[in-house]
Amino acid sequence: MKRAFGIVLAIVLASCGSDEPETSPPAETPDDSRLESLTDENPDPKIVEVHLEAKTAIKTFANSPPTSVWTYNGSTPGPLIDARVGDTLVVHFKNDLPEPTTIHWHGVRLPASMDGTPATQPPIEPGASFEYTFTLKDPGLFWFHPHVRSDVQVNKGLYGAIRVRAEAEPIADQEKILVLDDIKLKADGSIPDFLDDTSLMMGRGGNTVLVNGSANATLRFRPNATVRLRLVNAANGRFFNLALAGVKLHVIGTDGGLAKPYDTDRLLIAPGERYDVMLSVPGAAGTSLDLVTEPYNRGHDSGEDPPLNVAHVAIEGEPVTAPAPMPTSTAPLEPLPVASETSPLVLNEKTLPTGEVVFTINDKTAPDVPPLMVPRNTVRAFEIKNESEMDHPFHLHGFFFQVLERNGVPVGTDALVNKDTIVVPMKSSLKIVARFDEPGMWMYHCHILEHAEHGMMGEIHVE
Ligand code: C2O
Ligand code: CU
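Residues numbered from 1 in each chain as written. Chains lettered and ligands numbered in written order. Predicted model: local features only at pLDDT ≥ 70, side-chain atom pairs only at ≥ 80, totals over all residues. Heavy atoms only, no water.

S.K.: How would you sum up the sheet that holds strand S4 (residues 88–95)? Please name residues and give values.
M.R.: Taken in spatial order, the 4 strands make up an open sheet running S2-S1-S4-S6, and their pairing is mixed. Edge positions in the sheet fall to strand S2 (67–72) and strand S6 (129–135), since each of these pairs with one other strand and no more. When strand polarity is set aside, the average angle formed by the axes of neighbouring strands in this sheet is 20°. (Pairing = 2+ DSSP bridges. Helix = DSSP H or I, 4+ residues; strand = E, 2+ residues; numbered from the N terminus. Axes fitted to C-alpha atoms, helices over the stretch in contact; angles between N-to-C directions.)

This is the structure in structure tokens:
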């Protein structure tokens, strides 16, 4: 009922060309890579109540033999959780996997007890259940995934997206969520559990790119449409460096919601990051474009990989006669107050005498990285220095941060954004700041999951 009303309202608003912000996303065209929304079981419009079950399933990727995957409710990605800012989300979760797991709600500001990490709850045993419940304070695209053996569990397919819509959203003719991933698919259809034939060093890079779980996905857009793409990189290690055949990508937001818009030809999305992008579909019905990921050197000479196709964009249907305008501005963010203290975090890699490669924070590996103590309601800065030969996407749980400096050079406050995951390029430094207003134990780590599980993970205790 709620949804049907929203769609009608959106159509009315779109058809009268009003500047009023729409309240529901434009309907997605039927697509081979569409995310199914979870059904809200609660009639209260302020509560989204859903069931999620982690379980194994068989999935066929393109022409490959069947693959055994791990899923939420039988699909990978799991179903989309769709909500509005201010809604309370209630998730009845059951673990039907053969091993313990948790759900971490990446980017969502919530009480620590709901954060789904081994620092905040005992892992949920096979056959056991857990109820996650929290209020969605911020609009944006978030995602969820396990925080137990995350390198293995996420790689097997356990991840999903959460879309939290604001009261007012930019108008688009079409909107699509793209959950990006890649897997290493072997000839027999299996996905290896652990990195075998590639080095641990770079994190897992697969041979098959997935968009919403589909290899060779096709996105269907109408000619001249203003399309909104909401992207999340759920891959273990691959950085997507997206380009769409010369079409300008108009970036309108990132991890923590809308931000000052800018245009780019290429959009780098590291594991864990989200971007909110609008574009004008060019050309005539019947033509198509390729969405590709271009080479990007993230260290150790990784920039030599050939470009890979991410999805085909098929331009079809009735041309849009009055496309929605591109947003040109958004309300600026308040800079956080100056931090009284700055904690140094030095990221590096080393090879142990045993030959094992580990990833370090201040020369220690998890779980031996000493926890950082931060008094509640204080603003704390972090000087993150990446001394290694490769980029690391730094992720902080529970709080957004703002970037103050890159390589010691202040970043202007006019382009402030709320991030929870950010690339710290090799041999560079980044100063960030966050307000720690929620007590509890919060993790921070590299979002290349092989790096996180091999040492590059720490905790912040907010007391
Ligand atoms: Cu998306 Cu600690 O993770
Ligand atoms: Cu890393």
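S.K.: Tell me about the pattern of salt bridges, residues and numbers included.
M.R.: For the structure on display, the rule yields 28 salt bridges. Glu 389 is the partner of Lys 427 in a salt bridge, and the nearest nitrogen-oxygen pair spans 4.0 Å. Here Lys 427, found in the loop between strand S27 (421–424) and strand S28 (428–436), pairs with Glu 389, found in the loop between strand S23 (378–386) and strand S24 (392–396); they are 38 residues apart in sequence, far enough to count as distant. In this structure Lys 427 comes out as exposed when scored by relative accessible area, which is 54%. (Salt bridge = Lys/Arg side-chain N within 4 Å of Asp/Glu carboxyl O. Buried < 20%, exposed > 50% of the residue type's maximum accessible area, 1.4 Å probe, protein only.)

S.K.: So what's going on with the packing of aromatic side chains? Which residues, and what values?
M.R.: Applying the stated criterion across every chain, the model contains 12 aromatic pairs. Centroid distance Tyr 72 to Phe 144: 5.3 Å. Interplanar angle 55°. Geometry classified as tilted. Of the two residues, Tyr 72 sits in strand S2 while Phe 144 sits in strand S7 (residues 140–145), which places them 72 residues apart along the sequence. Each member of the pair, Tyr 72 as well as Phe 144, is classed as buried. With a centroid separation of 5.8 Å and an interplanar angle of 35°, the aromatic rings of Phe 394 and Tyr 444 are classed as tilted. Placement of Phe 394 in strand S24 and of Tyr 444 in strand S29 (residues 440–446) is noted, with a sequence separation of 50 residues between them. Overall, Phe 394 belongs to the buried group, its relative accessible area being 4%. (Phe/Tyr/Trp six-rings, centres within 6.5 Å; stacked < 30°, edge-to-face > 60°.)

S.K.: Could you give an account of the environment of Phe 142, with specific residues and numbers?
M.R.: With respect to the helices and strands, Phe 142 occurs in strand S7. Residues Phe 142 and Arg 380 lie 238 residues apart in sequence; the distance between their C-alpha atoms is 24 Å. Not counting residues within four places of it along the chain, the set of residues in contact with Phe 142 comprises His 106, Gly 107, Val 108, Gly 160, Ala 161, Ile 162, Val 164, Asp 255, Arg 274 and Phe 400. (Contact = heavy atoms within 4.5 Å.)

S.K.: Quick rundown of the pairing of S23? Include the residues and the values.
M.R.: Looking at chain direction, strand S20 (residues 341–351) and S23 are connected through 7 bridges and run parallel. If you follow Glu 341 over to S23, its bridge partner there is Arg 380. As judged from the 9 bridges shared by S23 and S28, these two strands associate in the antiparallel manner. Counted as the bridge partner of Ala 381 is Val 433 from S28.

S.K.: Could you give an account of the coordination of the copper ion (ligand 2), with specific residues and numbers?
M.R.: In the first shell of the copper ion (ligand 2), the protein supplies His 392 (ND1), Cys 446 (SG) and His 451 (ND1), at 2.0 to 2.1 Å from the metal. Sequence positions of the residues that donate to the copper ion (ligand 2) give the spacing H-x53-C-x4-H. The same class applies to Cys 446 as to His 451, namely buried. (Donors = N, O, S within 2.8 Å, 3.2 Å for Na, K, Ca; no water.)

S.K.: How would you explain the nonpolar core if you had to name every residue and give the values?
M.R.: Among the nonpolar cores identified, the biggest contains 63 residues, and Leu 52 and Trp 105 are the most heavily contacted of them. Among all residues touching Leu 52, those that are not within four sequence positions of it are Leu 38, Tyr 72, Asn 73, Pro 79, Ile 81, Val 91, His 92, Phe 93, Lys 94, Ile 103, Trp 105 and Phe 144. (Core = buried A, V, L, I, M, F, W, Y, C linked by side-chain atoms within 4.5 Å.)

S.K.: Residues and numbers for the sheet that holds strand S18 (residues 288–293), please.
M.R.: By way of backbone hydrogen bonds, the strands of a sheet pair with one another, either parallel or antiparallel. What the 5 strands build is an open sheet, ordered S11-S19-S18-S13-S16; its pairing is mixed. Of all the strands in the sheet, just strand S11 (217–221) and strand S16 (267–269) have a single pairing partner and so form its edges. Neighbour to neighbour, the strand axes of the sheet diverge by 25° on average, direction disregarded. Where S18 and strand S19 (residues 308–315) come together, 6 bridges link them in antiparallel fashion. Within the sheet, the bridge partner assigned to Ser 288 lies in S19 and is Ala 314.

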